[in-house]
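Summary of the model geometry
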Amino acid sequence: MTSSQRLVIPQEHAGRRLDQSLAELLPEYSRSRLQGWIDAGHVTLGGAPASRRQKVWGGESVDVVPQAGAEETAFRAEAIGLDVVYEDEAILVIDKAAGLVTHPGAGNWQGTLLNALLHHVPGAAILPRAGIVHRLDKDTSGLMVVAKTLEAQTHLVRDLQAREVKRIYWAVALGVFAGAEGEVAAAIGRHPTQRTKMAVLDEGAAGAKPALTYWKVLRQYARAAWVECRLATGRTHQIRVHLAHLGHPLLGDPVYRGRRPQATSGFQRQALHAVRLGLRHPVTGESMEWEAPPPEDFRRLLNELEQADAS
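Notes on the structure follow. (Residues numbered from 1 in each chain as written. Predicted model: local features only at pLDDT ≥ 70, side-chain atom pairs only at ≥ 80, totals over all residues. Heavy atoms only, no water.)

Moving on, we get to the packing of helix α1 (residues 18-25) against helix α2 (residues 31-39). Look at α1 against α2: their axes get within 9 Å of each other, and the N-to-C directions meet at 125°. When the axis of α1 is compared with that of α2, the two are oblique. The two elements α1 and α2 cross, and the hand of that crossing is right-handed. On the side of α1, the interface is formed by Leu18, Asp19, Gln20, Leu22 and Ala23, while α2 contributes Arg31, Leu34, Gln35 and Ile38. Here the residues of the contact of α1 with α2 sort into 5 nonpolar, 2 polar and 2 charged. (Axes fitted to C-alpha atoms, helices over the stretch in contact; angles between N-to-C directions. Helix = DSSP H or I, 4+ residues; strand = E, 2+ residues; numbered from the N terminus. Parallel < 35°, antiparallel > 145°, perpendicular 65-115°, else oblique. Left-handed = near helix turned anticlockwise from the far one by under 90°. Contact = heavy atoms within 4.5 Å. Nonpolar A, V, L, I, M, F, W, Y, C, P; charged D, E, K, R; others polar.)

Written out as structure tokens, the structure is:
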């Protein structure tokens, strides 16, 4: 929060609403932000609380106490609990809970993994993205590695680009697969018309990036399959897009399932969990691997599908 600003309403603003007058006097702030400050009591007119629709007549004094916007406070440390699987001086491996956003962004400026890392890791504030080198979607659970030093971050990013980090996921995908295993080698980029989605694009299309996913059916149920996926690349929504491209969107995926019905009810997110992570330690060079069992909702889902087949 910055110090209070005192303004005098010009005579030519007589008859205007207070928020209209302030929008002209303080053009560096949006009108919606000014309205929010008025509603929250951060604006007084003649020393008294003001309302946004209040008429001004010129000559009144207005005190405005600017408040930091959500995006300006996004990179603040927050005491958010993390499920730490491994930690040393260079790296941190966590089992991310479903529902935890990785980076601050529109609609999620606080309460993210980045905010938690700023609290948990001394010195994270000087690292790009607080040491985050790869991400999981908000509703995807499972293993992530985070760097605690710039040297470690540089090594991990390089190994990810060289496809030397092993990332294996468990998914539940809709439908009956034609084979037991396979791969999807299809470029991914921003959807041409629905900008919040990704899509399979032609290799030469603008924004298209090569993407490769290996898949194996672990258990085929009547209307869905428990599938293991291994990422060779790490594009946004890669597994979700590639399996949907095969005709087997993830159960529970609100974005890529389209109108296809669920195979079971009650699962509230895309059925995707990062179950194994393997890498070379950025300092020691030691090969390391971790496994995180799926959370309770994922286990219940598999059990429900098993029981449905048995009945």
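Following the criterion strictly, the structure yields 4 aromatic pairs and no others. Ring plane angle 40° and centroid distance 5.5 Å describe the contact between Tyr86 and Trp290, whose orientation is recorded as tilted. Of this pair, Tyr86 sits in strand β5 (residues 84-87) while Trp290 sits in strand β15 (residues 287-291), placing them 204 residues apart in sequence. A relative accessible area of 10% means that Trp290 is categorised as buried. (Phe/Tyr/Trp six-rings, centres within 6.5 Å; stacked < 30°, edge-to-face > 60°. Buried < 20%, exposed > 50% of the residue type's maximum accessible area, 1.4 Å probe, protein only.)

In this structure, the largest pocket spans a volume of roughly 760 Å³. In this structure, the largest pocket is lined by 32 residues; those nearest its centre are Arg135, Arg167, Gly234, Arg235 and Thr236. Elements with a minimum of two residues in the lining of the largest pocket: α4 (150-161), β8 (166-174), β10 (188-190) and α5 (238-246). Partitioning the lining of the largest pocket into residue classes produces 12 nonpolar, 11 polar and 9 charged. Looking at the second largest pocket, its volume works out to about 350 Å³. Lining the second largest pocket are 18 residues, and of these Arg135, Asp137, Lys138, His237 and Arg240 lie nearest its centre. Within the lining of the second largest pocket, the residues separate by chemical class into 5 nonpolar, 6 polar and 7 charged. (1 Å grid on protein atoms, 1.4 Å probe; cavity = no way out; pocket = protein on both sides within 12 Å on 5 of 7 lines; lining within 4 Å. Points joined across faces, edges and corners; volume = space filled by probe spheres on them.)

Moving on, we get to the pattern of salt bridges. One pass over the structure, following the stated rule, counts 18 salt bridges. Of the charged contacts in the structure, one is a salt bridge between Arg135 and Asp137, with a shortest N-O distance of 3.2 Å. With a relative accessible area of 38%, Arg135 lands in the partly exposed category. Asp137 gets classed as buried once you look at its relative accessible area, which sits at 11%. Residue Asp137 is joined to Arg240 by a salt bridge in which the shortest nitrogen-to-oxygen separation is 3.0 Å. (Salt bridge = Lys/Arg side-chain N within 4 Å of Asp/Glu carboxyl O.)

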